[in-house]
Protein chains: 4
Amino acid sequence: DDTWTVAGHTFRSRLIVGTGKYKDFAQNAAALEASGAEIVTVAVRRVNVSDPNQPMLTDFIDPGKVTYLPNTAGCFTADEAVRTLRLAREAGGWDLVKLEVLGEAKTLYPDMRETLRATETLANEGFHPMVYCADDPIAAKQLEEAGAVAIMPLGAPIGSGLGIQNRVTIRLIVEGASVPVLVDAGVGTASDAAVGMELGCDGILMNTAIAEAKDPIRMARAMKLAVRAGRDAYLSGRMATRKYADPSSPLAGLI
Amino acid sequence: DDTWTVAGHTFRSRLIVGTGKYKDFAQNAAALEASGAEIVTVAVRRVNVSDPNQPMLTDFIDPGKVTYLPNTAGCFTADEAVRTLRLAREAGGWDLVKLEVLGEAKTLYPDMRETLRATETLANEGFHPMVYCADDPIAAKQLEEAGAVAIMPLGAPIGSGLGIQNRVTIRLIVEGASVPVLVDAGVGTASDAAVGMELGCDGILMNTAIAEAKDPIRMARAMKLAVRAGRDAYLSGRMATRKYADPSSPLAGLI
Amino acid sequence: DDTWTVAGHTFRSRLIVGTGKYKDFAQNAAALEASGAEIVTVAVRRVNVSDPNQPMLTDFIDPGKVTYLPNTAGCFTADEAVRTLRLAREAGGWDLVKLEVLGEAKTLYPDMRETLRATETLANEGFHPMVYCADDPIAAKQLEEAGAVAIMPLGAPIGSGLGIQNRVTIRLIVEGASVPVLVDAGVGTASDAAVGMELGCDGILMNTAIAEAKDPIRMARAMKLAVRAGRDAYLSGRMATRKYADPSSPLAGLI
Amino acid sequence: DDTWTVAGHTFRSRLIVGTGKYKDFAQNAAALEASGAEIVTVAVRRVNVSDPNQPMLTDFIDPGKVTYLPNTAGCFTADEAVRTLRLAREAGGWDLVKLEVLGEAKTLYPDMRETLRATETLANEGFHPMVYCADDPIAAKQLEEAGAVAIMPLGAPIGSGLGIQNRVTIRLIVEGASVPVLVDAGVGTASDAAVGMELGCDGILMNTAIAEAKDPIRMARAMKLAVRAGRDAYLSGRMATRKYADPSSPLAGLI
């Protein structure tokens, strides 16, 4: 069957969903359920660990059934990101983590210099970092050499919903990678997710496209289907395009 | 549940598949099965009705379980198309039919003048024509007034696999129509089908994208999923796009 | 030198500009001047012919130096359009005219059925109609057979500025035509005009893109340059595209 | 008048052309002339400096009239690039240089880590490096901080002619930059160059699009016009787009 494996963990679902922007944890859990995702990503710096009177995400999404992927959202330096993930490991034992080191608040583009530094440090400390990155095929290879267990290029700015802007770079990254490649940001609707998979990506991570849909639960289902559709289309080997028409039925020899 | 109705017939699947270009009827039937389609379209002028030694499509695809939609592929005038469908009705009793009147062989674009004439004639004779047409919002309304029970604009030339070229016209046709709208040609891969559904179409008809994939059965499944994904995405109300990034997690108030 | 000819009239400029939406006639005249256009199109039904106290366009744009192309903007039937152009001919002697028969006010798409009828009538009465039409290659041929001296498909809805939505249809129309083809609507900025010319069109007609720019005069100049650029690029025979990079300098044999 | 300035040098032309792939130096010089470019970029490692029997580029393109911009094409490390430019400075006194440090031969994508290192070194040694880079807004800012006097993101892989793949990143780089931004690779035809300028870039560098056109001289002229067209369109402030049509002439109050 069609699975993918990252740092020794094998998954059937190729969709990873987030935990921001939902109305509440119940809606988040329902969307996760509808999406079929086996991995949920959580901003370590936003997790409530201190106030027992506030609701806990783990009460809604069972860490025994769903893989929690701690991420470093909100970190703007390698040091900050590394410290954040050390805390996460101490608290919950996670070593499969998602690294993001942001360059600035307006674009939320990664700072690739800091990202590379953090990846090296994390790998040396035994983490398995899945790494948010620019759609730069050379930087992607360098991340891999530095110890990234998955390459996660953005398709468009985080939360923009603009869809995958550059199919050439995503294709080149996929062709060059020997670890899984997942599109990490920019998906706005189902066809965007399908496009990412048709380019040969191993999966898609998204948050806003589901959380900000008018009906997040239905959109979560749409994304589950779109990722599977794109994956199947990629594996099927699509038809070549033609500049002119080509009849489904031979025009010669008709009755 | 989410169904659509054309001329009194209600369907759950929003995918219509063809019967050209497959290796053989067995492969065609397997692709149909994988696609989940409830309607299959057949070129009347290519159907074997005379040679009992040749295989029959109906031996592979059961007309009792799947709706046969006779089409006029290969007809270049209204008269030819009308005659073809009269024959089909006499032979099999069909009145839900697919009309296509081609303008020329290179582009396989419809001749809209002849198409309008044929639609009127067919409607007057009690047919329920689903009509292949240019992606022209005004012509679409005229077809509807002439008796078309479904509007089927091309997304790109038949068999080209180029994907939906003009999202503006498809959207305008959907907004103006009071009968179902289905994209009828040009889909090349799964995301193309999702795009059509996200524009609000009621369904997609395709043939080459499935039949010419390296693995037609898997592509048929991809298309089933893509059409559902696009439909769900349309009904969910997608997020608005943004020019800049927007964090999934508020950057303020981090630990 | 590179000229084009329509109904016996030869022009060097491949840009046709309109006369709507400008602040005043002076601005319109200045934009025309900057655009280098030799043809200006005027809505017959809006021309002031009765009130001598109102300014006259002809006081600003000299009909002795610029070809006036009367158009039927605002006509929704063939009869209305034909009557309008008969009036124009009686008043000014024009027989080179621009026909547009609109289908409805929201999309301003042409009604191709009425457009074809009007084209035939006009041709029979000795007019030379340049015809606004849908981007439908078969309808384009029918217009030509009916007597159109130029085919003028829309690139996007009039006044939308969305740019050319469907490069496939424009290319197919150009390949099939034996009269000039001009993109008639939808251009929003300079690159849109260049794209139209690169597809092999003989010219571009635009109004809103110039009139609604913050600086219409400068945009008029941009359009003049863009049309020339696109024309030159078309005639030069552009490079083929490549899936991968190709060095400008051979990497072997370097110092 | 509309000029741009890099490291104290002011230019009127916003087009920079290359010196690879031409039939011979004479054709190269003629294309340069037709392009109106004031800067020509030359691969230092390919320049013939030793064989007096071979033709010299400087015999065809006068360094007294055109600014030579030495580039590091073919360099895959910072050290190699820095050494190459030191040689160039010793030989010809250039300090305005174009840095490119490639990551690998297939994509010719820059190695941004090495590129940043080289930029720092060059700036420290008094060079004024214009820097080829990935279309990564954060890396662009880091280059600027490291001493780049111009940011030169690729639009698509070198020599691919695919056109600008990601308008979002180019726009973000332009918005963030306080030095000139020039698109450095990927342009295939005139409209691509116009698009780059409409995004607010200060200029465009190209080689293959001109050299591999069937008629390089005419394409050079096309590019000159396209760059000017895009610049004028950018400065004019283009119209907003609309989802629906908008008549050039008010439909009310017609005669």
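Now for a look at the structure at hand. Here the residue numbering is sequential within each chain, running from 1 through the sequence in written order. Throughout, the order in which chains and ligands are written sets their labels, letters from A for the former and numbers from 1 for the latter. Totals for whole chains, interfaces and linings use every residue, but because this is a predicted model, local features are given only for residues with pLDDT of at least 70 and side-chain atom pairs only at 80 or more, for both listing and counting. For side-chain calculations, the full set of non-hydrogen atoms in the structure is used, while hydrogens and water are omitted.

So, about the pairing of strand S8 (residues 150–153) of chain D. All names here are of chain D. To sort residues, take the accessible area from a 1.4 Å probe on protein chains only and compare it with the maximum for the residue type: under 20% means buried, over 50% means exposed, and anything in between is partly exposed. Segments assigned H or I by DSSP are reported as helices when at least four residues long, segments assigned E as strands when at least two residues long, and all are numbered from the N terminus. Alternating residues of S8 divide into Ala-150 and Met-152 and Ile-151 and Pro-153, and every residue in both groups is buried. In this analysis, strands are considered paired if DSSP registers two or more bridges between them. Alignment of strand S7 (residues 128–133) against S8, held across four bridges, turns out to be parallel. Note that in S8 the partner of Tyr-132 across the bridge is Met-152. Whether a crossover is right-handed depends on one test, that the path from the first strand over the helix to the second runs clockwise when the strands point away from the viewer. For the crossover from S7 across helix H4 (residues 137–146) to S8, the handedness is right-handed.

What follows concerns the interface of chain B and chain A. Taken together, the 64 residues of chain B in the interface contact 64 residues of chain A. Carbon and sulfur atoms make up 59% of the surface buried where chain B meets chain A, a total of about 5,400 Å² over both sides. Only one rule defines a salt bridge in this text: a Lys or Arg side-chain nitrogen within 4 Å of an Asp or Glu carboxyl oxygen. If you look at where chain B meets chain A, you find eight salt bridges. Here Asp-232 of chain A ties to Arg-218 of chain B by a salt bridge, and the two come within 2.6 Å at their closest N and O atoms. Nitrogen and oxygen atoms within 3.5 Å of one another constitute a polar contact, given that in protein one can donate a hydrogen and the other can accept it, and given that sequence-neighbouring residues count only through two side-chain atoms. On inspection of chain B and its partner chain A, the count reaches 32 residue pairs in polar contact (both at pLDDT 80 or more). A per-element tally of the side of chain B that touches chain A places helix H8 (residues 216–236) of chain B first, with twelve residues. Here the term charged refers only to Asp, Glu, Lys and Arg, the term nonpolar to Ala, Val, Leu, Ile, Met, Phe, Trp, Tyr, Cys and Pro, and the term polar to all other amino acids, Gly among them. When grouped by side-chain class, the residues that make up the side of chain B that touches chain A number 32 nonpolar, 16 polar and 16 charged. Two residues form a contact once any of their heavy atoms are found within 4.5 Å. Once two parts are joined, some of their accessible surface, as seen by a 1.4 Å probe, is lost; buried area is that loss totalled over both.

A few words now on helix H2 (residues 78–92) of chain C. All names here are of chain C. Helices are assigned an expected span. That span is 1.5 Å times one less than the residue count. In a regular helix each residue adds 1.5 Å, so 15 residues correspond to 21 Å; H2 covers 21 Å between its end C-alpha atoms and thus fits that length. Among all positions in H2, only Ala-78, Ala-81, Val-82, Thr-84, Leu-85 and Ala-88 are buried. Mapping the buried residues of H2 onto a view down its axis gives an arc of 160°, with all of them on the same face. For H2, the exposed residues set more than 90 degrees away from the buried face come down to Leu-87, Glu-90 and Ala-91. Packing partners of the buried residues in H2 comprise strand S5 (67–71), strand S6 (96–99) and helix H3 (112–124). Of the residues trailing H2, Gly-93 is marked for its positive phi of about 80°. The arc in question is the one spanned by the directions pointing from the helix axis to the C-beta atoms.

All right, on to the interface of chain B and chain C then. Taken together, the contact pairs 25 residues of chain B with 25 residues of chain C. Buried area between chain B and chain C, summed over both chains or domains, comes out near 2,000 Å², and the portion from carbon and sulfur atoms is 59%. Per-residue buried area on chain B facing chain C is highest for Tyr-109, Arg-113 and Ile-138 of chain B; these three make up 27% of the total on that side. Across the contact surface, chain B and chain C share three salt bridges. At the boundary of chain B and chain C, one finds four residue pairs in polar contact (both at pLDDT 80 or more). Going through the elements one at a time, helix H3 (112–124), helix H4 (137–146) and helix H5 (167–176) of chain B are the ones with two or more residues in the side of chain B that touches chain C. Of the residues contributing to the side of chain B that touches chain C, the split by class is eleven nonpolar, six polar and eight charged.

Residue and element names in this part refer to chain C. Put simply, H2 and H3 touch, their axes get as near as 8 Å, and they point 35° apart. The interaxial crossing formed by H2 with H3 has right-handed handedness. Here H2 contributes Ala-78, Asp-79, Val-82, Leu-85 and Arg-86 to the contact with H3, which in turn contributes Glu-114, Arg-117, Ala-118, Thr-121 and Leu-122. Grouping the amino acids of the contact of H2 with H3 by side-chain chemistry returns five nonpolar, one polar and four charged. All axes here are fitted lines through C-alpha atoms, helices being fitted over the stretch that makes contact, and every angle between N-to-C directions spans 0 to 180 degrees. By definition, turning the near helix anticlockwise from the far helix through less than a right angle yields a left-handed crossing, and turning it clockwise yields a right-handed one.

Right, let's talk about the state of the cysteines for a bit. The disulfide criterion used throughout: a pair of cysteine sulfur atoms within 2.5 Å. In this structure the tally under the stated criterion is zero disulfides over all chains. Among the cysteines around Cys-133 of chain B, which has no disulfide bond, Cys-201 of chain B carries the closest sulfur, lying 11 Å off.

Another aspect to go through is the relation of the copies chain B and chain A. Both copies of the chain are tied together by a single rotation about an axis and a shift running along it. With an RMSD of 0.0 Å, the operation that places chain B on chain A is a rotation of 180° combined with a shift of 0.0 Å along the axis. Here the symmetry operator amounts to a two-fold rotation axis. A symmetric contact is evident, with 100% of the interface residues of chain B recurring at the interface of chain A. Overlaid copies result from least-squares superposition on C-alpha atoms, with residues included only where pLDDT is at least 70 in both.

At an RMSD of 0.0 Å, chain B and chain C line up after a rotation of 180° and a shift of 0.0 Å along the axis. Mapped onto chain C, 100% of the interface residues of chain B are again interface residues, and the two copies thus contact each other with one and the same surface.

This paragraph deals with the packing of helix H1 (residues 25–35) of chain C against helix H8 (residues 216–236) of chain C. Helices that pack against each other are described as a pair by the angle of their axes relative to one another and the distance between those axes. Residue and element names in this part refer to chain C. Between H1 and H8, the least distance of the axes is 7 Å, while the angle of their chain directions is 25°. Classed by the angle they form, the pair H1 and H8 counts as roughly parallel. Two packed elements cross with a definite hand, and for H1 against H8 that hand is right-handed. Contacts between H1 and H8 pair Gln-27, Ala-30, Ala-31, Ala-34 and Ser-35 from the former with Pro-216, Ile-217, Ala-220, Arg-221 and Lys-224 from the latter. Residue composition of the contact of H1 with H8, by class: six nonpolar, two polar and two charged. For this classification, under 35 degrees means roughly parallel, over 145 means roughly antiparallel, 65 to 115 means roughly perpendicular, and everything else is oblique.

Regular strands have side chains that alternate between both faces of the sheet. Residues and elements named next belong to chain C. Alternating positions in strand S10 (residues 203–206) separate into two faces, Gly-203 and Leu-205 on one and Ile-204 and Met-206 on the other, with burial throughout. The pairing of strand S3 (residues 15–17) with S10 spans three bridges and is classified as parallel. The partner of Ile-16 across the bridge, within S10, is Leu-205. Judged from the two bridges that link them, strand S9 (residues 182–183) and S10 form a sheet pairing that is parallel. The partner of Leu-182 across the bridge, within S10, is Gly-203. Following the backbone out of S9, through helix H6 (residues 190–198) and into the adjacent parallel S10, one traces a crossover that is right-handed.

What follows deals with H5 of chain B. All names here are of chain B. Here H5 lies mainly inside the structure; seven of its ten residues are buried. Inspection of H5 places Val-168, Thr-169, Ile-170, Arg-171, Leu-172, Ile-173 and Val-174 among the buried residues, and these make up the whole buried set. Each element contacted by the buried residues of H5 is listed here: H4, strand S8 (150–153) and strand S9 (182–183). Among the residues of H5, the N-terminal cap falls to Asn-166, whose side-chain oxygen and the backbone nitrogen of Val-168 are separated by 3.0 Å.

All names here are of chain A. Inspection of the secondary structure assignment puts Lys-141 in helix H4 (residues 137–146). Each C-alpha atom of the pair Lys-141 and Ile-151 lies 8.8 Å from the other, and the pair is ten residues apart in sequence. Leaving out residues up to four positions away in the same chain, Lys-141 has contacts with Gly-176, Ala-177 and Ser-178.

So, about unusual backbone geometry. If you check the backbone angles, Leu-108 of chain C has positive phi at about 55° while not being a glycine. If you trace the backbone, Leu-108 of chain C turns up in the loop between S6 and H3. The class of Leu-108 of chain C is buried, set by a relative accessible area of 2%. At Ala-7 of chain D, a position not held by glycine, the phi torsion is positive, near 50°. By secondary structure assignment, the location of Ala-7 of chain D is in the loop between strand S1 (4–6) and strand S2 (9–11).

Pairs can form between side chains of opposite charge whenever their charged atoms are close. Applying the stated criterion across every chain, the model contains 70 salt bridges over all chains. With a shortest N-O distance of 3.5 Å, Glu-144 of chain A and Lys-141 of chain A are connected by a salt bridge. Residue Glu-144 of chain A and its partner Lys-141 of chain A are located together in helix H4, separated by three residues, close to a single helical turn. Residue classification places Glu-144 of chain A among the buried positions, given a relative accessible area of 16%. Under the relative-accessibility criterion, Lys-141 of chain A is labelled partly exposed at 29%. Residue Glu-100 of chain D is joined to Lys-98 of chain D by a salt bridge in which the shortest nitrogen-to-oxygen separation is 2.8 Å. Taking relative accessible area as the criterion, Glu-100 of chain D reaches 7% and is therefore assigned buried. Among the charged side chains, a network of salt bridges with common partners joins Lys-21 and Glu-212 of chain A together with Arg-242 and Asp-246 of chain B.

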